[in-house]
Amino acid sequence: MLGCVRVATVRQLAQVSTAEGRDGRSYVRRAMKRLAELGLADTNGKAGRHPIWNLTVAGQKALADGNELPPRPKAGTGAKAVAAGFGPHGIAVADTILAFGCRDHLTGWQVEVNHAIKETGLSFNTDAVLAWPTKTSEVRLFELDNGTMPQARLAREVWDYERYAGHRVWEGARGTIGGTFPFWQRHRYTRSETFPRLHVVLAGKAEHLLDNRPQALAADVRGITIEVWVNTLPRLKRREPWYEIGTDDPDRRRQRYPETLGR
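Let me sum up the structure you'll find in this document.

### A closer look at the nonpolar core
Right, on to step 1. In this structure, Met32, Ile97, Phe100, Trp109, Ala128, Phe142 and Leu236 are the most contacted members of the largest nonpolar core, which totals 33 residues.
Right, on to step 2. Sort the elements by how many residues they give to this core and helix α5 (residues 79-101) lands first, with seven residues.
Right, on to step 3. Ignoring sequence-local partners within four residues, the contact set of leucine 236 consists of Thr96, Ala99, Phe100, Val201, Asn231 and Trp242.
Right, on to step 4. Counting 31 residues, the second-largest nonpolar core is a separate cluster that includes Phe124, Val139, Trp159 and Tyr161.

### Section: the pattern of salt bridges
Right, on to step 1. Across all of its chains, the model carries 14 salt bridges by this definition.
Right, on to step 2. Where glutamate 138 meets arginine 191, a salt bridge forms, and the shortest distance between an N and an O atom there is 3.4 Å. With glutamate 138 in the loop between β5 (122-131) and β6 (139-145) and arginine 191 in the loop between α7 (183-187) and β9 (198-202), this pair connects stretches of sequence that are 53 residues apart.
Right, on to step 3. On the basis of relative accessibility, which here comes to 11%, the residue glutamate 138 falls in the buried class.
Right, on to step 4. Among the salt bridges present, the one from arginine 252 reaches aspartate 249, with a minimum N-O distance of 3.2 Å.
Right, on to step 5. You can call arginine 252 partly exposed: its relative accessible area is 31%.
Right, on to step 6. Exposure remark for aspartate 249: the relative accessible area of 24% places this residue in the partly exposed category.

### Brief notes about the packing of helix α2 (residues 10-17) against helix α3 (residues 25-37)
Right, on to step 1. Axis separation between α2 and α3 bottoms out at 9 Å; the angle between their running directions is 105 degrees. Classed by the angle they form, the pair α2 and α3 counts as roughly perpendicular. Every residue of α3 that contacts α2 at Val10, Arg11, Leu13, Ala14 and Ser17 is listed here: Arg25, Tyr27, Val28, Arg29 and Met32.
Right, on to step 2. Within the contact of α2 with α3, the residues separate by chemical class into six nonpolar, one polar and three charged.

Reading the values: the criteria
- Residues numbered from 1 in each chain as written.
- Predicted model: local features only at pLDDT ≥ 70, side-chain atom pairs only at ≥ 80, totals over all residues.
- Heavy atoms only, no water.
- Core = buried A, V, L, I, M, F, W, Y, C linked by side-chain atoms within 4.5 Å.
- Buried < 20%, exposed > 50% of the residue type's maximum accessible area, 1.4 Å probe, protein only.
- Helix = DSSP H or I, 4+ residues; strand = E, 2+ residues; numbered from the N terminus.
- Contact = heavy atoms within 4.5 Å.
- Salt bridge = Lys/Arg side-chain N within 4 Å of Asp/Glu carboxyl O.
- Axes fitted to C-alpha atoms, helices over the stretch in contact; angles between N-to-C directions.
- Parallel < 35°, antiparallel > 145°, perpendicular 65-115°, else oblique.
- Nonpolar A, V, L, I, M, F, W, Y, C, P; charged D, E, K, R; others polar.

Here it is, written out as structure tokens:
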């Protein structure tokens with residue numbers, strides 16, 4: 001689990017490693033203490049009163065050597081993020097992952113996945129990406145606001161995904177007319193026919209303070225041409241439905257973003 005989500009509390013680790021309905025926190029505390037003694041795990045901060053655990057570099061290497069997860073050469077341990085004060089956000093991302101599927105698909109998750117287009121200068125990190133192969137798409141994208149972003153900034157981050165989806169690249173052999181194709185489809189999600197669905201999760205505040213935020217976000221991204229679903233973390237934990245606030249519309253997206261000039 002730490003190899004996938006990078007940081008977690010004992011409570012979160014127990015949700016995955018012990019039987020449903022059982023409180024396995026004592027078992028996990030002993031296990032983490034043993035991993036720390038072996039130099040494979042460490043704690044670098046707290047979420048409230050609870051230590052935040054992460055793998056060490058040696059722990060990541062041990063995990064890679066055991067072929068337990070697909071290779072993730074650029075993944076950090078999470079220690080620097082916790083030391084910089086981003087521990088609560090990381091814990092909220094882990095809560096989102098557990099609420100979405102808990103043990104199901106756990107090894108299919110990656111966190112802090114960069115999406116960038118060098119030519120335009122667009123670059124942002126997606127909080128979590130889940131490998132979820134379907135006939136039309138290979139992943140799902142998750143963005144979390146832990147109650148720290150103004151509404152306008154959250155909306156801008158959602159619009160960044162449309163800008164990413166809208167960028168096209170020219171391809172064609174020398175001497176031919178060629179054509180343009182979606183950047184993401186040629187260089188990132190090559191097995192996908194549609195741009196991946198974006199899930200926005202709202203957390204970090206009392207539930208009654210979150211209740212109006214999905215509607216406010218829907219108003220701020222009205223007319224967006226990618227598929228966007230939004231939910232609050234408390235509702236997600238109760239398995240309550242998502243709100244759809246954006247639909248995939250590649251034709252309208254192509255009209256909105258200018259074509260890339262050919263050679």
